[in-house]
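# Survey of secondary and tertiary structure
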Amino acid sequence: MALPNVNPTTTNAWNKLKVHFEDTKDLHMKDLFAKDPERANKFTITFDDFYVDFSKNRITDETFQYLLELVDDVKLKAAIESQFSGEKINKTEGRAVMHTALRAPKSAVVTVDGKNIIPEIHEVKQKIEGFTNEVVNGARKGFTGKQFTDIVNIGIGGSDLGPAMVVDALQYYKNHLTTHFVSNVDGDHVNEVIKNLNPETTLFVIVSKTFTTQETISNANTLKSWFLKSATGKDIANHFVAVSTNIDTVKNFGIDANNIFPMWDWVGGRFSLWSAVGLSISLAVGYNNYASLLEGAHKMDEHFKTEDFDKNIPVVLALISVWYNNFFKAESEAVIPYSQYLNQFATYLQQGIMESNGKSIDRNGTPVDYETGTLIWGEPGTNSQHAFFQLIHQGTKLIPADFIGFTQSLHGNQDHHDKLISNFLAQTEALLNGKTKEEVIAEGTPETIIPFKVFEGNKPTNTVFIKKLTPESLGKLIAMYEHKIFVQGVIWNIFSYDQFGVELGKQLASKILKEFTGNTKNEHDNSTSNLLNYYKENS
Ligand code: F6P
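Bear in mind the structure is a predicted one, so any value in this text is a computation, not a measurement.

### Re the domain arrangement of the protein
Each domain of the protein was delimited in the assignment, giving domain 1 (19-58 + 307-492), domain 2 (117-290) and domain 3 (501-538). Between the C-alpha centres of domain 1 and domain 3 the distance comes to 42 Å.

Rendered as structure tokens:
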């Protein structure tokens with residue numbers, strides 16, 4: 001069974017939304033709030049430790065109703081069932097999409113190609129647990145008998161961004177091990193990391209689903225050569241482990257079969273931190289915390305799978321985003337976490353959102369004539385307030401934003417936390433209400449300055465308030481965005497789980513590389529030829 005295949009623009013709901021947009025596009029949220037004292041309560045969803053207020057959006061009861069009709073018209077319910085039941089919904093690659101199975105309990109049954117995949121998932125989890133414990137408690141030692149102090153995760157894209165973001169986000173829960181991430185093929189990246197390493201006490205985790213990715217293999221080889229300056233070939237078995245689907249190539253690299261953590265083709269790179277790709281997370285925060293992260297994601301999966309769509313957080317967030325993307329023609333969305341721990345969160349989401357839904361061909365193989373994937377960007381507040389918020393408040397572009405905050409701080413400094421959260425609340429209030437000319441005049445502003453101090457307001461935000469940043473709540477938050485991505489892909493009738501768009505640049509890079517290292521000469525446009533020559537003359 002494939003995913004339903006419905007062009008959203010041909011649905012009744014879409015046509016209703018088009019007319020409705022013309023009728024309501026100039027409404028000010030301030031007036032909507034003034035008219036309806038129940039607005040905030042009506043447009044808030046609570047789930048476990050999540051409080052999601054989506055009332056500060058340019059929507060009315062009717063908008064919400066039509067958006068909910070849209071997911072019915074595109075058969076979202078059937079699409080969710082197809083994904084969770086192991087059907088090959090990644091049709092262009094002929095694969096199932098089963099990251100949700102990675103966080104399902106042992107008792108679950110999920111069938112891919114007629115086989116229940118849950119037992120092998122739990123076997124790998126057990127291996128992760130055993131390995132983590134041995135490294136953390138010092139039972140597993142380096143080639144000179146010393147305990148490990150440093151972990152280097154070597155990977156890129158989904159094999160780097162997820163683990164790197166989560167390790168950073170959960171640093172409060174970290175143990176004594178220092179975790180490093182090497183991703184870029186830029187040799188200066190790996191060499192800067194090497195400066196801080198001792199080969200005797202460093203464990204290398206090579207993460208590559210394919211084990212053919214140029215960046216990862218280059219970095220792994222550089223680190224292996226560096227390691228072998230102090231150790232011998234047989235020591236690789238103690239110091240290098242790999243996470244991959246490509247077992248033979250991993251063995252050829254010299255890694256011991258016992259040190260290979262398998263993954264499966266039904267886990268997409270950008271959804272893979274729940275698999276053994278998360279090994280560095282488990283090493284950094286301990287297996288129990290890693291398991292809680294997965295448990296949190298599973299809770300969000302259950303919410304997504306079972307909750308009615310009008311109370312379903314990922315569905316509602318996806319619909320609101322479609323409303324701005326396809327009707328208001330907003331091009332980007334900001335994600336602003338009010339937590340320094342979530343410093344890498346927007347960067348992480350960029351791959352998930354833009355690699356998944358940056359597509360322009362629909363599920364019939366036909367070019368779409370409507371907008372698809374949004375641009376996603378952001379930085380933590382309050383830092384971002386002092387950087388790009390000016391444009392959100394007073395620029396010409398409409399930038400819907402998700403504000404993510406925690407009611408409790410981890411270190412418990414209440415004074416700082418009150419200041420942080422007062423900013424968090426103040427910004428969404430300011431974006432909603434703006435400041436009128438009358439208010440500016442009442443402040444005694446000189447005549448000539450008045451227009452510059454007026455804020456139009458009516459800038460949409462979602463507020464995701466969570467009790468505390470824990471492994472479990474982080475798991476829920478990540479899964480919330482994963483499901484939002486899926487819902488949007490279903491609405492836009494595109495395949496969210498392939499990424500052919502990253503191939504062309506890779507192919508050309510390998511051709512150009514041969515021009516540097518051999519005698520090959522390729523045809524290029526004038527600009528590329530000049531740049532290539534300039535590099536050869538100056539490198
Ligand atoms: O950027 C393309 C991509 O295929 C991503 O989807 C993936 O996460 C990344 O490269 C790394 O791939 P691999 O894990 O196979 O090294």
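### Brief notes about the pairing of strand E8 (residues 240-244)
For E8, the buried fraction is high: 5 of the 5 residues fall into the buried class. Here E8 shows two buried faces, one formed by Phe240, Ala242 and Ser244 and the other by Val241 and Val243. As judged from the 4 bridges shared by strand E7 (residues 202-207) and E8, these two strands associate in the parallel manner. Each residue of the ladder has a partner; that of isoleucine 206, found in E8, is alanine 242. Sheet topology places E8 next to strand E9 (residues 260-262); 3 bridges connect them, and they run parallel. Looking at the pairing, valine 243 lines up with phenylalanine 261 of E9. For the crossover from E8 across helix H11 (residues 247-253) to E9, the handedness is right-handed.

### Focus on the environment of aspartate 168
Relative to the assigned elements, aspartate 168 resides in helix H7 (residues 161-169). Each C-alpha atom of the pair aspartate 168 and leucine 203 lies 19 Å from the other, and the pair is 35 residues apart in sequence. Ignoring sequence-local partners within four residues, the contact set of aspartate 168 consists of Tyr341, Asn343 and Gln344.

### Details of the packing of helix H6 (residues 118-136) against helix H13 (residues 287-306)
One can describe the packing of H6 onto H13 by two numbers: an axis separation of 9 Å at closest approach and a directional angle of 150 degrees. Relative to H13, H6 is oriented roughly antiparallel. In contact with Lys125, Ile128, Glu129 and Thr132 of H6, H13 contributes Tyr287, Tyr290 and Leu294. For the contact of H6 with H13, the class distribution of residues is 4 nonpolar, 1 polar and 2 charged.

### Regarding the nonpolar core
The nonpolar side chains of a soluble globular protein tend to be buried with one another. Core analysis: the largest hydrophobic core is formed by 122 residues, its most contacted members being Trp266, Leu293, Phe345, Leu477 and Phe486. Both domain 1 (19-58 + 307-492) and domain 2 (117-290) contribute no fewer than three residues apiece to this core. Once residues lying within four places of it in the same chain are set aside, the contact partners of phenylalanine 345 are Met165, Val335, Pro337, Ile404, Leu477, Ile478 and Tyr481.

Rules behind the numbers
Starting afresh in each chain, residues are numbered from 1 along the sequence in its written order. At least 70 in pLDDT is required for a residue's local features to be given in this predicted model, at least 80 for side-chain atom pairs to be given and counted, and no such filter applies to totals for whole chains, interfaces and linings, which use all residues. In computing side-chain values, all of the structure's heavy atoms are included and hydrogens and water are not. Domains are outlined according to an automatic or database domain assignment. For every residue, the accessible area (1.4 Å probe, protein chains only) is compared with the maximum for its type, and the residue is labelled buried under 20%, exposed over 50%, or partly exposed between those bounds. Numbering goes from the N terminus for both helices and strands, where a helix is a DSSP run of H or I of at least four residues and a strand is a run of E of at least two. Each pair of strands is called paired provided DSSP finds at least two bridges between the two strands. Note on handedness: a clockwise path from strand one over the helix to strand two, with the strands aimed away from the viewer, defines a right-handed crossover. Working rule for contacts: check all heavy atoms of both residues, and any pair within 4.5 Å makes them a contact. Only C-alpha atoms enter the line fits that serve as axes; for helices the fit covers just the stretch in contact. Angles between N-to-C directions range over 0 to 180 degrees. An angle counts as roughly parallel when it lies under 35 degrees, as roughly antiparallel when it exceeds 145, as roughly perpendicular when it falls between 65 and 115, and as oblique in every other case. Ten residue types, Ala, Val, Leu, Ile, Met, Phe, Trp, Tyr, Cys and Pro, are classed as nonpolar, four, Asp, Glu, Lys and Arg, as charged, and the remainder, Gly among them, as polar. Residue types Ala, Val, Leu, Ile, Met, Phe, Trp, Tyr and Cys, when buried and joined through side-chain atoms within 4.5 Å, form a set referred to as a nonpolar core.

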